[in-house]
Amino acid sequence: MSLYIIDDHPLVRQAIAMLLRRMRPASKVIELEKFSELQAAIIKNGEPELFVLDLLLPGVKGTSAVREVKTMYGDVPLVVISSMPAGEAEETCIEAGADLYLEKSTPASEISSAIQGLFAAEGGDEETVVVGETKLSKRQKQLIVMLDRGLSNRDIAAELEISEHTVKVHLWRLFRRLDVKSRTQTLHFARQHGLL
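Basis of the calculations
Residues numbered from 1 in each chain as written. Predicted model: local features only at pLDDT ≥ 70, side-chain atom pairs only at ≥ 80, totals over all residues. Heavy atoms only, no water. Salt bridge = Lys/Arg side-chain N within 4 Å of Asp/Glu carboxyl O. Helix = DSSP H or I, 4+ residues; strand = E, 2+ residues; numbered from the N terminus. Buried < 20%, exposed > 50% of the residue type's maximum accessible area, 1.4 Å probe, protein only. Axes fitted to C-alpha atoms, helices over the stretch in contact; angles between N-to-C directions. Parallel < 35°, antiparallel > 145°, perpendicular 65-115°, else oblique. Contact = heavy atoms within 4.5 Å. Phe/Tyr/Trp six-rings, centres within 6.5 Å; stacked < 30°, edge-to-face > 60°.

Chemist: Any chance you could break down the pattern of salt bridges for me, citing the residues and the numbers?
Modeler: In the structure shown here, the tally under the stated rule is ten salt bridges. The salt bridge partner of E31 is R13, with a shortest N-O separation of 3.7 Å. Taken as a pair, E31 in strand β2 (residues 28–32) and R13 in helix α1 (residues 10–23) lie far apart in primary sequence, 18 residues in all. The partly exposed category is assigned to E31, whose relative accessible area is 30%. Its relative accessible area of 11% is what places R13 among the buried residues. For R24, the salt bridge is made with E49, and the minimal N-O distance between the two is 2.4 Å. Of this pair, R24 sits in the loop between α1 and β2 while E49 sits in strand β3 (residues 48–53), and the two are 25 residues apart along the sequence. The exposure class assigned to E49 is buried, which follows from its relative accessible area of 14%.

Chemist: Can you tell me about the packing of helix α6 (residues 138–148) against helix α8 (residues 164–178), naming the residues and giving the values?
Modeler: Between α6 and α8, whose axes approach to 10 Å, the crossing angle comes to 100 degrees. By the angle between their axes, α6 is roughly perpendicular relative to α8. In this structure, α6 uses R139, Q140, L143, I144 and L147 to contact α8, whose residues at the interface are H170, L171, R173, L174, R177 and L178.

Chemist: Account for the packing of aromatic side chains, with residues named and values stated.
Modeler: Applying the stated rule across the entire model yields two aromatic pairs. Pairing F51 with Y73 gives two aromatic rings, centres 5.6 Å apart and planes at 50 degrees, and the pair type is tilted. Taken as a pair, F51 in strand β3 and Y73 in the loop between α3 (64–72) and β4 (78–82) lie far apart in primary sequence, 22 residues in all. Its relative accessible area of 0% is what places F51 among the buried residues. Given a relative accessible area of 16%, Y73 falls into the buried group. Grouping aromatic residues by their ring pairs yields a cluster made of Y4, F51 and Y73.

Here's what the structure looks like:
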């Protein structure tokens, strides 16, 4: 399994690579300068376990790289690390299929814990709850109850003893699983399907 980093700034790419090597010493870390190099790199280095990419890549328009990667590898976590401030850029990337959006100004320890959270959210060893056609993890069911209690991301993080970034990851996964876009829609779904 390989971790792919695509960023045209060598220093940023190397820093992210160092973080990933510390986190996943058994995985191969592949650094790419251009998005166009990705397919050949995957053929050469093996199946992806994670994608980390810059939003502003040469020859790439907007979130097209995010969409393309998610079309080909829908189940592989994708992190966008960009110099653009979160907000609209974050929303656009998440809508395009990114699992996580981080600013390049984010401290290394936060980037590390956010990516660890993403791997934890990916772990398929949690018990599942089946609701009609939808399978939810125990953690996702727990999140629905916490949303119903009106807890903020910060409150949820404190109660579960995880980072706020990890909470965001879990929420985005939940929204995607339920095909909803907000907390309100999540609660509406939950009430309609007897989860609350």
